[in-house]
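Commentary on secondary and tertiary structure
These are the residues of each chain, in order.
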Amino acid sequence: NLDRIDEIIESIRGRPEKMIYAEVEVFEMSPADAEPVFEMTRGNSFQHNAAHEAVVEKVEEGTAKRTAALRVIARSGQRSRAESVSEVIHISELKWDADAAQLVPNFVPRNVGTSLEVDPVIGGDDVTLDFNLLFQHDFKAPEVETLDLNLGSEHPQSLPMHRFHQVRITTQITTLDGYAVLLGRFTQQQSSEEGEAPTERLVFLSARIQQPEEIGPERFRRIIDENPTLEDSK
């Protein structure tokens, strides 16, 4: 007699929680290709699925590149983080050392790569998703120049100076289950010396609510068999 399946399952597992799947992608393309995609997001709707699909088609055609993607699964109301980074030691500042009567470089670590931090909440309608989101992406390796500086000692010192290239998005947004949203558009102007055309970067967030697996009678019977003490609950 399994008339009380739902009640017993609740007593065994508690209420199963839904999960949130979030993915952030970075696409690179020419301004000419990016502009019509961006125009698709200018309307009143914050559903940008058509724009996202258009970018994916350009990737398949070879006219755009997906340069970064991070995915994370989170519980509603819980902060989650994903990152793919490497550590670079660089000089953050020069401090004056009064005892030595000279400037002293302060070396600190910095993560270079891509990181995503989300704090999502499922709305009461089980469709709405509210996101607190921080996304950081170094789209180019750090450039290092060597500078000869006189820090106060007798001879100049050669110090490495790093130049970092990063886009960062900090935002709070509302979206819906299954929607893609354009989070940002960035234009990288190349110098004439580099001989490269400007590059556009589009950053998309895709989010889905993942449902818990249903427990049918057969699986429930296995749970009871594996936990004989639960027989008294029926």
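Data block above holds the structure.
Now for a quick tour of the structure. (Residues numbered from 1 in each chain as written. Predicted model: local features only at pLDDT ≥ 70, side-chain atom pairs only at ≥ 80, totals over all residues. Heavy atoms only, no water.)

Quick look at the overall build of the protein chain
- Within the protein chain, the secondary structure is distributed over four helices and eight strands.
- Listing every helix and strand of the protein chain by position from the N terminus yields α-β-α-α-β-β-β-β-β-β-β-α.
- Here the protein chain holds 234 residues, and the buried ones make up 35% of them.
- Looking at the protein chain alone, contacts between residues at least 24 apart form 66% of all its contacts between residues at least 6 apart.
- Here the protein chain displays about 14000 Å² of accessible surface, and carbon together with sulfur accounts for 45% of that area. (Helix = DSSP H or I, 4+ residues; strand = E, 2+ residues; numbered from the N terminus. Buried < 20%, exposed > 50% of the residue type's maximum accessible area, 1.4 Å probe, protein only. Contact = heavy atoms within 4.5 Å. Areas by Shrake-Rupley, 256 points an atom, 1.4 Å probe, with all protein chains shown as cover.)

Digging into the nonpolar core
- Ranked by internal contacts, the top residues of the largest apolar core, which has 22 residues, are Val-24, Leu-116, Phe-131, Leu-133, Phe-135, Leu-183 and Leu-205.
- Elements represented by at least two residues in this core include exactly β1 (19–29), β2 (65–75), β4 (102–122), β5 (128–149), β6 (157–176) and β8 (199–210).
- In this structure, Leu-183 is in contact with Val-24, Leu-133, Ile-169, Thr-171, Ile-173, Val-203, Phe-204 and Leu-205, ignoring residues within four places of it in sequence.
- Grouped together as the second largest cluster of nonpolar side chains are eleven residues, Val-37, Leu-182, Leu-202 and Phe-204 included. (Core = buried A, V, L, I, M, F, W, Y, C linked by side-chain atoms within 4.5 Å.)

A word on a negative patch on the surface
- The grouping of Glu-53, Glu-57, Glu-60 and Glu-61 at the surface amounts to a negative patch.
- Tracing the backbone shows Glu-57 in helix α3 (residues 49–61). (Patch = residues over 30% accessible without salt bridge, like charges linked within 9 Å, V, L, I, M, F, W, Y side chains within 5 Å. Salt bridge = Lys/Arg side-chain N within 4 Å of Asp/Glu carboxyl O. Lys, Arg positive; Asp, Glu negative; His and termini not counted. Charge placed at Lys NZ, Arg CZ, Asp CG, Glu CD.)

So, the side chain of Glu-28
- With respect to the secondary-structure elements, Glu-28 resides in strand β1.
- A polar side-chain atom of Glu-28 sits 3.0 Å from a polar atom in the side chain of Arg-201.
- Contact partners of Glu-28, with chain neighbours within four places excluded, come to Ala-64, Lys-65, Thr-67, Thr-199, Glu-200 and Arg-201. (Polar contact = N/O pair within 3.5 Å; in protein donor to acceptor, adjacent residues only side chain to side chain.)

Quick notes on the packing of aromatic side chains
- Scanning the model with the defined rule gives two aromatic pairs in all.
- Ring geometry for Phe-27 and Phe-204: centres 6.1 Å apart, planes at 75 degrees, overall edge-to-face. One end of the pair, Phe-27, is in strand β1; the other, Phe-204, is in strand β8, and 177 residues separate them in sequence.
- Directly above the aromatic system of Phe-164 lies the positively charged group of Arg-110, at a separation of 4.0 Å from the ring centroid.
- Its end group placed over the ring of Phe-38, Arg-185 keeps NZ or CZ at 4.6 Å from the ring centre. (Phe/Tyr/Trp six-rings, centres within 6.5 Å; stacked < 30°, edge-to-face > 60°. Lys NZ or Arg CZ within 6 Å of the ring centre and 35° of its normal.)

Examining the environment of Phe-46
- Relative to the assigned elements, Phe-46 resides in the loop between α2 (31–39) and α3.
- Spatially, the C-alpha atom of Phe-46 lies 9.1 Å from that of Leu-176, the residues being 130 residues apart in sequence.
- When near neighbours in sequence (up to four residues on either side) are disregarded, Phe-46 contacts Thr-174, Thr-175, Leu-176, Tyr-179, Ala-180 and Val-181.

Concerning the sheet that holds strand β3 (residues 80–97)
- Within the open sheet, the four strands sit side by side as β3-β4-β5-β6. Their pairing is antiparallel. Edge positions in the open sheet fall to β3 and β6, since each of these has one partner strand only. For this sheet, the mean angle separating the axes of adjacent strands, direction not counted, is 20 degrees.
- As defined by bridge partners, β5 adjoins β6 across 19 bridges and the pair is classed as antiparallel. Bridge pairing in β6 places Val-144 opposite His-162. (Pairing = 2+ DSSP bridges. Axes fitted to C-alpha atoms, helices over the stretch in contact; angles between N-to-C directions.)

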